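Each chain, written out:
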Amino acid sequence: MTEDDEPDVQLESRLEEQAEFTPPASFVEQANVSDESVYEEFEENWPDEWERAANLLEWEQEWNQVLDDSNEPFYQWFVDGKLNASANCVDRHLDERADEAAIEWIGELGETRTYTYEELHREVNEFAAALRELGVGEDDIVTMYLPMIPELPIAMLACARIGAPHSVVFGGFSADALAERMNAANSDVLVTCDGYYRRGDALDHLSKARNGVSNVESEVTTIVADRLGDDAPTAISDDEYVFSEQVEANSGAVVDPVVRDAEDMLFMMYTSGTTGKPKGVKHTTGGYLSYAAWTSHAVLDVKPDDTYWCAADIGWITGHSYIVYGPLALGTTSVMYEGTPDYPDKGRFWEIVEEYGVNQLYTAPTAIRAFMKWGTEYPEAHDLSSLRLLGTVGEPINPRAWKWYYKHIGNEECPIVDTWWQTETGGMMITTLPGIKKMKPGSAGPPLPGISADIVDPSGDPVGAGRAGHLVVNKPWPGMLRTLYKNDERFLNEYWDEYSIPERDQWVYFPEDGAKVDDDGYITVLGRVDDVINVSGHRIGTMEVESAIVGVEGVAEAAVVGGNHEMKGEAIYGYVITEDGQDETEEFRAEIVAAVEEDIGPFARPEAVIFTPELPKTRSGKIMRRLLEDIANGDELGNTSTLRNPDVVHDIESKVQGD
Ligand code: WTA
């Protein structure tokens, strides 16, 4: 070590020790919300204070009641209010911001497209007219299976305009997963594309979409965006409609935004749960949009003049709420990037921040861990001084990664919001308000104003500071899911039953996360307590992976668990018992992995497939997943005395260690 290095090293170690950070004064001065009294106001004037969120929107008709809780837990928000989401995200900014950028799109190969609010308005209208012409009516569900290209938000807003809820299926899902979701939603209109670029290669998307469509029960109308032009591996056929031609054919069309009830469905989004079937989470027009706008305003500090970048994929809820609906409702400029952070080189994100003068960056801990590994030379090569706020979402962030982000990206001048929420919550629930609250690396923070959360033991009693328990939310909030699509019963069973104790006359929402709280009321989320694995911030149900694996000929039984992974947070481990006569070869392993990719998608690819003669089971025949997790993590094994077959765990352990 040279002498020159010393001060920095000292600072680094001081930073390592520091457990609390106060919001930078320069940020506080200009923050959208900086008065601590907001917490009290929500508390004292609950639920009416939620009008603050609704007032960020333009309503066709005011609500008569903020919250109707007469039919718990089927809560209704902003009752009798009427509005249109597309008008709120596009039309109402035309007066003042027609020529300002709504979407700055950056393609992976370096091409860019800017949509001003006026241009966005035009395309949304034209595509809305096209959808109508193709027979899409109010309340018909339109499926989108698209990567990060502008046609995706345009199609979403066009649907919102005509009151047709969308169901966006992440582009990385397989054909089978697409078909399953279209069938479950009775959706017979699909918007997709010919392909997209990933690390410079033109990927075929259309064949996957077609394979999916071939398994949809009804006759499907398919609209294909032409992303690749001559590079497309699969050509658009005559019985498919071309997105750009549809827009052109409706050039200049004006479609009046359909007036929707606050409680009308804006969209649904499938997510993974404990059982094999994905859950169709229903979000509404008034409550969801108010909540997305309010949290973008209060937490992300979005202002109309900002250039704001959420680097998630619109195929997941984060992109819905914080690339499309929240930021556009506030009339800001939302950056949308098609590609990966390391193409063409590992400085791509920082190049974008510098070039566009990005003010807020909202990304996932997985990405931050990758940046950390790549080294500081990449961010250091760029001017990141435009940044004012940083955010993370999707998985717990370890304090080291937090501090790296704070120092090397934020230059110790940007607050970090570590935001806990879910597909079901519609928007952020637990995080610090960046202009008010001190930050504690690794802890998301207190619940947002108006949100009431607790950490409880199995009987529903709060566990007290420092102890692990289950996270519950005690009061409804505007952005909450209203039900699971056409399945009220499952909605009740999945989220409400466990801790809703009739004697207390109160329903509580159970997000299926474990957590602990400290003396300041700061909540640290510890991870899922159901059979859901969080791989790089993607929710994957163990049952879905297991059912893909047992579908492979030669597999007798399978158990899938999540194990810790340095980069991905968690990774998928599959323990497989083969049928008699099936050899445990590398080829067979590859076949199993391929089956998972085919059933779900490449993002659910198992990290390891471990062949085992038996699975650890209790005397009643239940698989002891905890032990399999311990083995995957290389941890000390928990209690094995209740096992019917205690020897097997040591056999599996030595196999894993040998691999
Ligand atoms: C996890 C993504 C720790 C959690 C918005 C939750 C987090 C699941 C955080 C939801 C965070 C999300 N800290 N864990 N800041 N944010 N999670 O539905 O387990 O894709 O239940 O929504 O991600 O994932 P989903």
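Just so we're clear, the structure is a prediction, and the values are computed from it rather than from any experiment.

How each quantity is defined
- Residues numbered from 1 in each chain as written.
- Predicted model: local features only at pLDDT ≥ 70, side-chain atom pairs only at ≥ 80, totals over all residues.
- Heavy atoms only, no water.
- Helix = DSSP H or I, 4+ residues; strand = E, 2+ residues; numbered from the N terminus.
- Rg over C-alpha atoms; globule rule 2.2 N^0.38 Å.
- Buried < 20%, exposed > 50% of the residue type's maximum accessible area, 1.4 Å probe, protein only.
- Contact = heavy atoms within 4.5 Å.
- Areas by Shrake-Rupley, 256 points an atom, 1.4 Å probe, with all protein chains shown as cover.
- pLDDT = per-residue confidence, 0-100.
- Domains from an automatic or database assignment.
- Salt bridge = Lys/Arg side-chain N within 4 Å of Asp/Glu carboxyl O.
- Nonpolar A, V, L, I, M, F, W, Y, C, P; charged D, E, K, R; others polar.
- Pairing = 2+ DSSP bridges.
- Polar contact = N/O pair within 3.5 Å; in protein donor to acceptor, adjacent residues only side chain to side chain.
- Axes fitted to C-alpha atoms, helices over the stretch in contact; angles between N-to-C directions.
- Left-handed = near helix turned anticlockwise from the far one by under 90°.
- Phe/Tyr/Trp six-rings, centres within 6.5 Å; stacked < 30°, edge-to-face > 60°.
- Parallel < 35°, antiparallel > 145°, perpendicular 65-115°, else oblique.
- Near = heavy atom within 4 Å.
- Expected span 1.5 Å × (residues − 1).

With that settled, the discussion passes to the overall build of the chain. When its secondary structure is counted, the chain shows 22 helices and 29 strands. On C-alpha atoms alone, the chain measures out to a radius of gyration of 25 Å, which is about the 26 Å that the 2.2 N^0.38 rule sets for 659 residues. The buried share of the chain, reckoned over its 659 residues, is 60%. In the chain, once contacts between residues fewer than 6 apart in sequence are set aside, the share between residues at least 24 apart is 71%. Accessible area of the chain: about 25700 Å², with a carbon and sulfur share of 42%.

Let's shift gears to the confidence of the model for the chain. When the pLDDT values of the chain are averaged, the result is 94; 96% of them are 70 or greater. Long-range and interchain partners of residues 1-7, a stretch whose pLDDT sits below 50, account for 1 contact in this model, where long-range means more than four residues apart.

With that out of the way, let us pick up the domain arrangement of the chain. Taken as a whole, the chain is organised into domain 1 (17-456) and domain 2 (531-658). Contacts between the two partners involve 24 residues from domain 1 and, on the opposite side, 22 residues from domain 2. On the surface where domain 1 and domain 2 come into contact, there are 1 salt bridge. With a shortest N-O distance of 3.0 Å, Arg539 and Glu424 are connected by a salt bridge. Elements that contribute at least two residues to the side of domain 1 that touches domain 2 include exactly helix H9 (175-185) and helix H15 (365-374). Tallied by class, residues from the side of domain 1 that touches domain 2 come to 5 nonpolar, 12 polar and 7 charged.

Our next topic: the sheet that holds strand E7 (residues 166-168). Ordered in space as E12-E11-E8-E6-E7-E14-E15, the 7 strands form an open sheet in which the pairing is mixed. This sheet does not close on itself; its edge strands, each paired only once, are strand E12 (241-242) and strand E15 (279-284). Bridge count for strand E6 (residues 142-144) against strand E8 (residues 189-193) is 3 bridges, and the pairing is parallel. Bridge pairing in E8 places Met144 opposite Val191.

Locating Arg482 in the fold gives a position in the loop between strand E22 (469-473) and helix H18 (488-495). Reaching out from Arg482, the side chain makes a polar contact with the backbone oxygen of Met480 at a distance of 2.5 Å. If sequence neighbours within four positions are ignored, Arg482 has contacts with Phe74, Tyr75, Trp77, Glu263, Lys282, Thr284, Gly287 and Phe491.

Closest axis-to-axis distance for the helix H7 (residues 117-133)/helix H8 (residues 151-162) pair is 8 Å, and the angle between their directions is 65°. Classified by chirality, the crossing of H8 by H7 is right-handed. Touching Leu120, His121, Glu123, Val124, Asn125, Phe127, Ala128, Leu131 and Arg132 of H7 are Ile154, Ala155, Leu157, Ala158, Cys159, Arg161 and Ile162, all from H8. A class-by-class count of the residues in the contact of H7 with H8 yields 11 nonpolar, 2 polar and 3 charged.

Turning our attention to the packing of aromatic side chains. Within this structure, the stated rule accounts for 40 aromatic pairs. Aromatic pair Phe267 and Tyr288: ring centres 4.8 Å apart, planes at 85°, arrangement edge-to-face. A residue pair is termed long-range when its members are at least 10 positions apart, and Phe267 in strand E14 (residues 265-271) and Tyr288 in helix H12 (residues 286-298) qualify at 21 residues. The class for Phe267 is buried, based on a relative accessible area of 0%.

Our next topic: the packing of H15 against helix H17 (residues 399-409). In contact at an axis separation of 10 Å, H15 and H17 are set at 70° when each is read in the N-to-C sense. Taken together, H15 and H17 sit at an angle that is classed as roughly perpendicular. Contacts between H15 and H17 involve Ile368, Arg369, Phe371 and Met372 on the former and, on the latter, Arg400, Ala401, Trp404 and Tyr405. Partitioning the contact of H15 with H17 into residue classes produces 6 nonpolar, no polar and 2 charged.

A separate point is the pattern of salt bridges. Overall, the coordinates contain 39 salt bridges when judged by the stated rule. A salt bridge links Arg181 to Glu180; the nearest nitrogen and oxygen atoms lie 3.8 Å apart. Salt-bridge contacts for Arg227 lead to Glu338; the nearest nitrogen and oxygen are separated by 2.8 Å. Here Glu338 lies in the loop between strand E17 (333-337) and helix H14 (348-356) and Arg227 lies in the loop between strand E11 (221-225) and E12, a separation of 111 residues in the sequence. Beyond isolated ion pairs, a larger network of salt bridges with shared partners links Glu20, Lys438, Lys440, Asp518 and Asp520.

This part takes up the site of the ligand. By nearness alone, 17 residues border the ligand, and Asp418, Thr419, Thr423, Asp513 and Arg539 come closest of all. At a separation of 3.1 Å, a nitrogen atom of the ligand approaches a polar backbone atom of Gly394. Within the contact set of the ligand, a nitrogen atom lies 2.8 Å away from a backbone nitrogen or oxygen of Thr419. Summarising the interface, the protein chains cover 96% of the accessible area of the ligand, which totals 530 Å² for the free molecule. Those elements that provide at least two residues to the shell around the ligand are helix H13 (317-329), strand E20 (416-419) and strand E24 (523-528). Residues that form the shell around the ligand fall into these classes: 6 nonpolar, 6 polar and 5 charged.

This part takes up H12. Here H12 contains 13 residues, and its C-alpha end-to-end distance of 18 Å stays within 8% of the 18 Å for a straight helix at 1.5 Å per residue. When you tally the buried positions in H12, you get 13 out of 13 residues, the bulk of the element.

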